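# Coordinate analysis (summary)
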Amino acid sequence: MLFIKRIMAPRIQLAKAAWRWVETVKPEEIKQEHIELAYRVNLPACKRGTCRRNCKGNPNCLVGIGEQAWLGEIDENAFHNIDDPNSERRDKNTFVGLTNLGATCYVNTFLQVWFHNLELRRRLYQCHNSRAQEHNIESDYEPQSICEHLQYLFALLQNSNRKYIDPSGLVKALGLDTGQQQDAQEFSKLFLSLLEDTLSKQKNPNLQNVIQRQFCGQFSYVTVCNQCGRSSALPSRFYELELNIQGHKNLTECVTEFLKEENLDGDNRYYCESCQGKQNATRRIKLHSLPPTLNLQLMRFVFDRQTGHKKKLNTFISFPEQLDMGPFLEGNQDQNCVYELSAVLIHRGISAYSGHYIAHVKDARTGDWYKFNDEEIEKMEGKKLQLGIEEDIAETVKSQTRKPKCSKGYHCSRNAYMLVYKVQEAETSDSSRNIVEVPAFLQRLVDQDNHKFEEWCSEMADMRKQSVDKGKAKHEEVKELYELLPAMDGGPYEFIPLEWLKKWLDDSTATKEIDNSLFLCCHNKLHPDKVGDSKRVSLQAAELLYKRYGGGPRLDNSSMCRVCVGQRCRVLRLKNQLNEDYKEVSNLIKRTLSGEGYWVGKASLRSWRQLALEQLEEDEHETKHSNGQTNGQGPHTNNSKELSEVNEDEMRTFNEDIVCSHGNLSIAETERKLVSSEVWTKLRAYFPKAPEFTQNQESCQQCLTLEQEEKDNEAVSKMMALDQKNQLLNLFHEKNRPILTKWPQDTDVLYIVPLYFVDEWKKFIRRPTKSSPVSNVGNALLLCPHGGFMFTYDSLINGDAQHVALLWPSEWEVISRLFIVDQPISIHCFKQTTPSGPTAEYTTQPDLCWECREGFLFQQQRDLREYTQATIYIRKVVEDKMMMKEVAPEMNASSSEAEEEKEDQPKMDGEKDPDFSQSQDSAKRLKLNDNSIAKLAVAAPVSNSTKLGGIRRSTRHRKLRGEKALIVSANQTLKELKIQIMHAFSVAPFDQNLSINGKCLTDDSATLGSLGVIPESIICLKADEPIADYAAMDDVYQVRMPEEGFKGTGLLGH
């Protein structure tokens, strides 16, 4: 046995150490001990605690493969990921929460407040509900009306065993969008109105006016004429008092302002019937009666005229636990006017468009305060309201204010948006008034839901138990087998994949059967390179694993591949020998050739060492398993049949530079060199499949024939190009060209051909040996399917001329003779003398096809109106001048475009600038192709800056400094565009003044298509001074689509 160092080396060093013996051992001298070295069978096993992680290069290291989690005592909770179902169970003497369905926290807070209104709950339970009374408990109960939903929801909130319930039935019945947060105050008003209307249809008269009796009070608007003293009163009902909080510190100030006297003068004067005319007057609100439940809406969410959006007032307001409304009440002094605080609704967040709603509610039975936060319910310590963290939210930098001190019996809040007060009742020994029993027909439904919940709890508990039992069994299995895994010295063993062992020890994945197929070499044995990814285990452990999990093929000590080891030995020895052979070949090439020689490509000869090294490295890994075959082979002397099977596609590299396309010796003699047979023998050892050509090998006859034909063809092409150029010299050099706007005097007809034809012909003239000669004029490209011409004289002088070339009659005669003409196209000028002076009329032959022309114009306009995902440019303007005075093209502009910048200097307002006067003439050009009959016409004309007969300028838009491109669609509104501009330029929509072609864009609801914004348009942006209100800016960022509130929901009768 060879001696192996006991020090563990890194994986690469282990791999090198396994093959170090090849330096002294030839392939034919390999013995079993060398094979065991290659497979690292005798490396010492690692002990626990010595390795931080598994030694992947050592098949005997069984440490750090996941066994740590199983050795020792394990808490049974580690065997499952199922939460205790009892955590979903309602705690004793607490309330039930409501699930937040996305953005429905505002609904949940009001439902909890209304549930704690005992009188409202009692009356709702009394509502007739035949559907619930006749329901078969074997099926799920599905309420229909709002009363039915609220009945069932309140019954569950009262007697459910669940910690929280799902209000999706009610939310769906109301048609609310669960992903969009709405105005909580508006929801409260609309829902109570809907409930009032629903209850008014009940047969029981005691239920018809429940909402009025609970929430409705009365006041009147009293107006007094200053002239005659006449007083008029307009009585009205209210369900809540909307109190302005801006500029106030406490609730008393808010109520006082609500009732204060208002002067009616100027344009707002009052028409007095006694005086029979408009007079100055005073108006105030008089409270006459108050409801048992007094809802006070604190108007935190107000409309900001400056920004055009809602904003939140984050100012502190103090309010008492006990509120005396007596001083504010007119007459009716017998009414009890002392109220106690029963609920505070909170909005967390500084923006009107985002945040979170919660409610602090007082239990009417015990007097305890609870915080209702969707699913979570927290009982406050003691008997006092504690707003706590609800006031510690993030604030805007500009609005940080210190919380004022509150007197005893008062509370301060900057987030309370609704206060609920209940009239103080005289103490009585009758406790029944605070007890609301769930009626039997509803309790039956609650019991049904509780039964389903208990079944679910039982099912979850069983699943937990099964997982625990399975985990304990796996624990015992691992403890038993892990001790048996290490193979004993000299004992039988097998190889098992390391990844399979890791997954076996990872309880989170299902253990599959053992798969060794990817570890096999082409001889169906264990590949030497795969030994680092496998572990050597005892035969006893392998037997148990295969018995329990199955799989295969099994790899025992006879599975080490002698052939693969021999091949690797040969390759490694040649790699070591490569440098010596390279020096020897370099010296031999310099000697004078004597005797028979061989042709070698000069490129191959220059890089043969690198090619050989790459080939050897490839050969070193070629025996890796790949579809059960071995790809390629290395250099050899006495190779077996398996080693001689080479994939030629992999080997064909060396000497291929002198192989022609026909597989023969290349005719390029300058690219090859003669070498001696001694040099060729050494090269052949590294490239056994390289093409071989002896000194007497003839060059490819096919290539010689083709070469001569190519030379003859090039000569003909040169002669043809020279002849055509001489006959059409002015056309080639673009000299003396006819111009439509200045019709030549000496002819009344000009001919038209596609510009594409002229461009292709010029390419051939310039490079006759590299380009194909042009044979066909291809005038069909300019005609419609009916054979009619697609352009008019006016359209040609206004931009369409970019698609065509004009020819003199003499040039047309030459072209007709040299090329195939499918259809002549000409334009004729008929000059006449009239009393008003000479006139000219222009016609084309063929005639214009008006039907196709109009169809094209209609389609062009339609495309401009109905585009999607098009690019427009926003150009920022400063002080009525464009901010880019020194216009510089962007860094990615081409050099030709940079030269054109001299012509593109931006104009000040008032000057004519093509970029600011774009119309339909600025759409994109289309490429010409053989299938595009009349497609030239479909391409819109170029801008007015195109000069007829002159140099065509680039039509691609060049972005200027300070200009940004946006992707828009025609059906997008101007408001949505402003939101995009806000993110691009950090300019709020209300600070944006947009214009296009001098026309201001002001209608935020209009679409871009209707405003004349087309692809490639340039919109000028002038920004007003920004408003230094960060909270307002935050509100604007929240706005994405126009606010529609509760439009389309059941709250508005839809």
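Analysis parameters
Residues numbered from 1 in each chain as written. Predicted model: local features only at pLDDT ≥ 70, side-chain atom pairs only at ≥ 80, totals over all residues. Heavy atoms only, no water. Helix = DSSP H or I, 4+ residues; strand = E, 2+ residues; numbered from the N terminus. Buried < 20%, exposed > 50% of the residue type's maximum accessible area, 1.4 Å probe, protein only. Contact = heavy atoms within 4.5 Å. Areas by Shrake-Rupley, 256 points an atom, 1.4 Å probe, with all protein chains shown as cover. Phe/Tyr/Trp six-rings, centres within 6.5 Å; stacked < 30°, edge-to-face > 60°. Lys NZ or Arg CZ within 6 Å of the ring centre and 35° of its normal. Expected span 1.5 Å × (residues − 1). Pairing = 2+ DSSP bridges. Axes fitted to C-alpha atoms, helices over the stretch in contact; angles between N-to-C directions. Core = buried A, V, L, I, M, F, W, Y, C linked by side-chain atoms within 4.5 Å. Domains from an automatic or database assignment. pLDDT = per-residue confidence, 0-100. Left-handed = near helix turned anticlockwise from the far one by under 90°. Nonpolar A, V, L, I, M, F, W, Y, C, P; charged D, E, K, R; others polar. Salt bridge = Lys/Arg side-chain N within 4 Å of Asp/Glu carboxyl O. Arc of directions from axis to C-beta. Polar contact = N/O pair within 3.5 Å; in protein donor to acceptor, adjacent residues only side chain to side chain. Parallel < 35°, antiparallel > 145°, perpendicular 65-115°, else oblique.

## What about the overall build of the chain?
When helices and strands are counted, the chain shows 30 helices and 37 strands. When each of the 1054 residues of the chain is scored for burial, the buried share is 45%. Of the contacts made within the chain by residues no fewer than 6 positions apart, 74% connect residues no fewer than 24 positions apart. Carbon together with sulfur atoms contributes 47% to the accessible area of the chain, which is approximately 56100 Å² in total.

## With respect to the packing of aromatic side chains
One pass over the structure, following the stated rule, counts 31 aromatic pairs. Taking 5.8 Å as the distance between ring centres and 85° as the angle between the ring planes, the aromatic pair formed by Tyr 493 and Phe 495 counts as edge-to-face. Taken together through their ring pairs, the aromatic side chains of Tyr 106, Phe 110, Trp 114, Phe 187, Phe 191, Tyr 357 and Tyr 417 make up a single cluster. The side chain of Arg 121 reaches across the aromatic face of Phe 115, ending 3.8 Å from its centre. Stacked on the ring of Phe 985, the Lys or Arg Lys 964 has its end atom at 5.1 Å from the ring centre.

## With respect to helix H29 (residues 974-985)
With 12 residues, H29 extends 16 Å from end C-alpha to end C-alpha; this agrees with the ideal 16 Å at 1.5 Å per step. Where H29 is concerned, the buried positions are Leu 974, Glu 976, Leu 977, Lys 978, Ile 979, Ile 981, Met 982 and Phe 985. A positive backbone phi angle near 60° is found at Ser 986, which sits one or two residues after H29.

## Side note on the pairing of strand S32 (residues 870-878)
Across six bridges, the pairing between S32 and strand S34 (residues 963-968) is antiparallel. Across the sheet, residue Ile 872 finds its bridge partner in S34, namely Leu 966. Of the pairings in the sheet, the one linking S32 to strand S37 (residues 1018-1023) comprises five bridges and is parallel in character. In the sheet register, Ile 874 faces S37, and the bridge partner there is Ile 1019.

## Remarks on the sheet that holds strand S30 (residues 826-834)
Pairing is antiparallel across the open sheet formed by four strands, whose spatial order is S29-S28-S30-S31. The open sheet has two edge strands, strand S29 (804-807) and strand S31 (837-845), and neither has a second partner. The average angle at which neighbouring strand axes cross in this sheet is 30°, direction not considered. As paired strands, S30 and S31 are joined by nine bridges and run antiparallel to one another. Counterpart to Ile 827 in the pairing with S31 is Thr 844.

## Let's talk about the nonpolar core
Of all hydrophobic cores here, the largest spans 62 residues; its most connected members are Trp 114, Leu 124, Phe 187, Phe 191, Leu 195 and Leu 345. A total of nine residues in this core trace back to one element, the largest contributor, which is helix H6 (residues 146-159). If you count residues domain by domain, this core takes at least three from each of domain 1 (85-205 + 439-451) and domain 2 (217-388 + 407-426). Not counting chain neighbours up to four residues away, the residues in contact with Leu 195 comprise Leu 120, Leu 124, Ile 146, Cys 147, Leu 150 and Ile 211. Core analysis: the next-biggest nonpolar cluster, separate from the first, contains 35 residues, Leu 313, Phe 319, Leu 329 and Val 344 among them.

## Overview of the confidence of the model for the chain
Of all residues in the chain, 81% have pLDDT values of 70 or greater, and the mean over the chain is 78. Predicted confidence for residues 880-955 stays below pLDDT 50, and this span has 120 contacts to residues more than four positions away or in other chains. Across residues 1027-1042 the pLDDT falls below 50, and counting only partners more than four positions away or on other chains, this stretch makes 38 contacts in the model.

## Description of the packing of helix H12 (residues 440-484) against helix H14 (residues 539-549)
One way to put it is that H12 packs onto H14 with a least axis distance of 8 Å and a crossing angle of 150°. Considering the relative orientation of H12 and H14, their crossing is left-handed. Of the residues in H14, those in contact with Lys 474, Glu 477, Glu 480, Leu 481 and Leu 484 of H12 are Gln 540, Ala 541, Leu 544, Leu 545, Arg 548 and Tyr 549. Here the contact of H12 with H14 is composed, by residue class, of six nonpolar, one polar and four charged.

## A look at the pattern of salt bridges
All chains considered together, the criterion is met by 24 salt bridges. Residues Lys 189 and Glu 240 are paired through a salt bridge, measuring 4.0 Å at the closest nitrogen-oxygen approach. A residue pair is termed long-range when its members are at least 10 positions apart, and Lys 189 in helix H8 (residues 184-199) and Glu 240 in the loop between strand S4 (231-238) and strand S5 (241-243) qualify at 51 residues. Accessibility expressed as a relative area gives 11% for Glu 240, which makes it buried. Two residues, Glu 811 and Arg 737, come together in a salt bridge whose shortest N-O distance is 2.9 Å. Separated by 74 residues along the polypeptide, Glu 811 in helix H25 (residues 809-818) and Arg 737 in the loop between helix H22 (729-733) and strand S28 (749-754) bring together distant segments of the chain. Overall, the relative accessible area of 8% leaves Glu 811 in the buried class.

## Description of helix H11 (residues 251-259)
The set of residues buried in H11 consists of Leu 251, Cys 254, Val 255 and Leu 259. The buried residues of H11 occupy one face: seen down the axis, they fall within an arc of 130°. Measuring from the side-chain oxygen of the N-cap residue of H11 to the backbone nitrogen of Thr 252 gives 3.2 Å; that N-cap residue is Asn 250.

## Overview of the packing of H6 against H8
Interhelical geometry of H6 versus H8 gives an angle of 105° and a closest axis separation of 9 Å. It follows that H6 is roughly perpendicular to H8 by the angle criterion. Contact residues: H6 offers Ile 146, Cys 147 and Leu 150, while H8 offers Phe 191, Leu 194, Leu 195, Thr 198 and Leu 199. In terms of residue class, the contact of H6 with H8 is made up of seven nonpolar, one polar and no charged.

## Some thoughts on the pairing of strand S35 (residues 992-996)
For a regular strand, side-chain orientation follows a simple rule: the groups alternate between the two sheet faces. Of all the five residues making up S35, four are buried; the element is thus mostly covered by neighbouring parts of the structure. Here S35 runs beside S37; their pairing, made up of four bridges, is antiparallel. Residue pairing for S37: Asn 993 is matched across the bridge by Lys 1022. Across three bridges, the pairing between S35 and strand S36 (residues 999-1001) is antiparallel. In the strand pairing of S36, Ile 996 is matched with Lys 999. The hairpin turn running from S35 into S36, its antiparallel successor, is two residues long, and Asn 997 in that turn takes a positive phi close to 55°.

## Some remarks on the side chain of His 116
Among the secondary structure elements, His 116 is positioned in the loop between helix H3 (105-115) and helix H4 (118-125). For His 116, a relative accessible area of 3% corresponds to the buried category. When residues no more than four places from it in sequence are discounted, the contact partners of His 116 are Phe 95, Arg 121, Val 361, Lys 362, Asp 363, Phe 372 and Lys 422.

## Focus: the sheet that holds strand S6 (residues 262-264)
Pairing within the open sheet is antiparallel, and its four strands lie in the order S4-S3-S9-S6. The two strands at the open ends of the sheet, each matched to only one other strand, are S4 and S6. Across the sheet, the axes of successive neighbouring strands diverge by a mean angle of 30°, strand direction being ignored. In this structure, strand S3 (residues 217-225) lies alongside S4, joined through eight bridges in antiparallel fashion. Counted as the bridge partner of Thr 223 is Ser 232 from S4.

## With respect to the side chain of Ser 666
As for its placement among the helices and strands, Ser 666 is situated in the loop between helix H19 (648-651) and strand S27 (672-676). For Ser 666, a relative accessible area of 13% corresponds to the buried category. Leaving out residues up to four positions away in the same chain, Ser 666 has contacts with Ile 658, Val 659, Cys 660, Arg 672 and Ser 699.

## Regarding unusual backbone geometry
Between Gly 552 and Pro 553 the backbone carries a cis peptide bond, its omega angle lying at -10°. Within the fold, Pro 553 resides in the loop between strand S24 (551-552) and strand S25 (555-556). With omega at 5°, the peptide bond leading from Gln 845 into Pro 846 counts as cis. Summarising the element assignment, Pro 846 is placed in the loop between S31 and helix H26 (850-865). Despite not being glycine, Asn 93 has its phi angle at roughly 60°, a positive value.

## Points about the environment of Thr 871
Position of Thr 871 among the secondary structure elements: in strand S32. The spacing of Thr 871 and Ile 1018 is 147 residues in sequence and 9.7 Å in space, taken between C-alpha atoms. Apart from the residues lying within four places of it in its own chain, the contact partners of Thr 871 are Ala 965, Leu 966, Ile 967, Pro 1015, Glu 1016 and Ser 1017.

## Concerning the environment of Met 790
One can find Met 790 in the loop between helix H23 (755-766) and helix H24 (793-797). In this structure Met 790 comes out as buried when scored by relative accessible area, which is 3%. Residues Met 790 and Trp 850 lie 60 residues apart in sequence; the distance between their C-alpha atoms is 8.0 Å.

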